[in-house]
Amino acid sequence: MKNDYEKVRSSRNELEAILRIRGISKQRFGRILNIKGSTIEKYLDNPYFLRYYQMQRLAKFLNVDVKDIIDIIEIDLKEDMIVVEGEENFKGVDSLSKNTATSKDYINE
């Protein structure tokens, strides 16, 4: 199989580049993970949305460890992309913090 290196260079992220090098199309990627349509695009645009069991399926198909898939995904994570509560630049999502239920919402009177 001959690689088209221009397509590899134009990949959105490392995961898509690996899939192109291995000759895995979007359709085949979807069959491997048992996903369809816009979900395929979602996962190719943002591979960190993949669930662990989907990473396992992909790792098994590629004959690598799940940790290797995680490492591939981590390459493209930008600094400060994932923020943990308690960090200096943490800001909660307004729509979630305004609509958060309290214990009073669950008490039957």
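Attention in this report is confined to the structure presented alongside it. Here the structure is a predicted model, which is why all the values come from computation and not from measurement.

### Structural notes on the packing of aromatic side chains
At step 1: Applying the stated rule across the entire model yields 1 aromatic pair.
At step 2: When the ring of Y48 is compared with that of F49, the centres are 5.0 Å apart and the planes differ by 55 degrees; the resulting orientation is tilted.
At step 3: Under the relative-accessibility criterion, Y48 is labelled partly exposed at 34%.

### Description of unusual backbone geometry
At step 1: Located in the positive-phi region is N34, a residue other than glycine, with phi close to 60 degrees.
At step 2: Tracing the sequence through the fold places N34 in the loop between α3 (26–33) and α4 (38–45).
At step 3: For N34, a relative accessible area of 59% gives the class exposed.
At step 4: Phi at N63 takes a positive value of approximately 60 degrees, unusual for a residue other than glycine.
At step 5: Here N63 shows up in the loop between α5 (52–62) and α6 (66–75).

### A few points about the pattern of salt bridges
At step 1: Applying the stated rule across the entire model yields 6 salt bridges.
At step 2: With a shortest N-O distance of 2.6 Å, E41 and K26 are connected by a salt bridge. Highlighted residues: E41 in helix α4 and K26 in helix α3, separated in sequence by 15 residues.
At step 3: Judged by its relative accessible area of 41%, K26 is partly exposed.
At step 4: One connected set of salt bridges, linked through shared partners, spans R12, E16, R20, K26, E41 and D45.

### Focus on the nonpolar core
At step 1: Counting 19 residues, the largest nonpolar core has L19, F29, L33, L50, L58 and I69 as the members making the most contacts within it.
At step 2: Counting residues per element, the ones that place at least two in this core are α2 (14–21), α3, α4, α5 and α6.
At step 3: Those residues in contact with I69 that lie beyond four places of it in its chain are M55, L58, A59, L62 and V64.

### Section: the environment of N46
At step 1: As for its position among the elements, N46 is in the loop between α4 and α5.
At step 2: Considering only alpha carbons, one finds N46 and I73, 27 residues apart in sequence, at a separation of 8.9 Å.

### Quick word on the side chain of Q54
At step 1: Note on placement: Q54 falls in helix α5.
At step 2: Of note is the side chain of Q54, whose polar atom sits 3.3 Å from the side chain of Y43.
At step 3: A polar contact of 2.9 Å, which involves the side chain of Q54, links it to the backbone nitrogen of R51.
At step 4: With sequence-adjacent residues up to four places away left out, Q54 is seen in contact with L33, I35 and Y43.

Procedures and definitions
- Residues numbered from 1 in each chain as written.
- Predicted model: local features only at pLDDT ≥ 70, side-chain atom pairs only at ≥ 80, totals over all residues.
- Heavy atoms only, no water.
- Phe/Tyr/Trp six-rings, centres within 6.5 Å; stacked < 30°, edge-to-face > 60°.
- Buried < 20%, exposed > 50% of the residue type's maximum accessible area, 1.4 Å probe, protein only.
- Helix = DSSP H or I, 4+ residues; strand = E, 2+ residues; numbered from the N terminus.
- Salt bridge = Lys/Arg side-chain N within 4 Å of Asp/Glu carboxyl O.
- Core = buried A, V, L, I, M, F, W, Y, C linked by side-chain atoms within 4.5 Å.
- Contact = heavy atoms within 4.5 Å.
- Polar contact = N/O pair within 3.5 Å; in protein donor to acceptor, adjacent residues only side chain to side chain.

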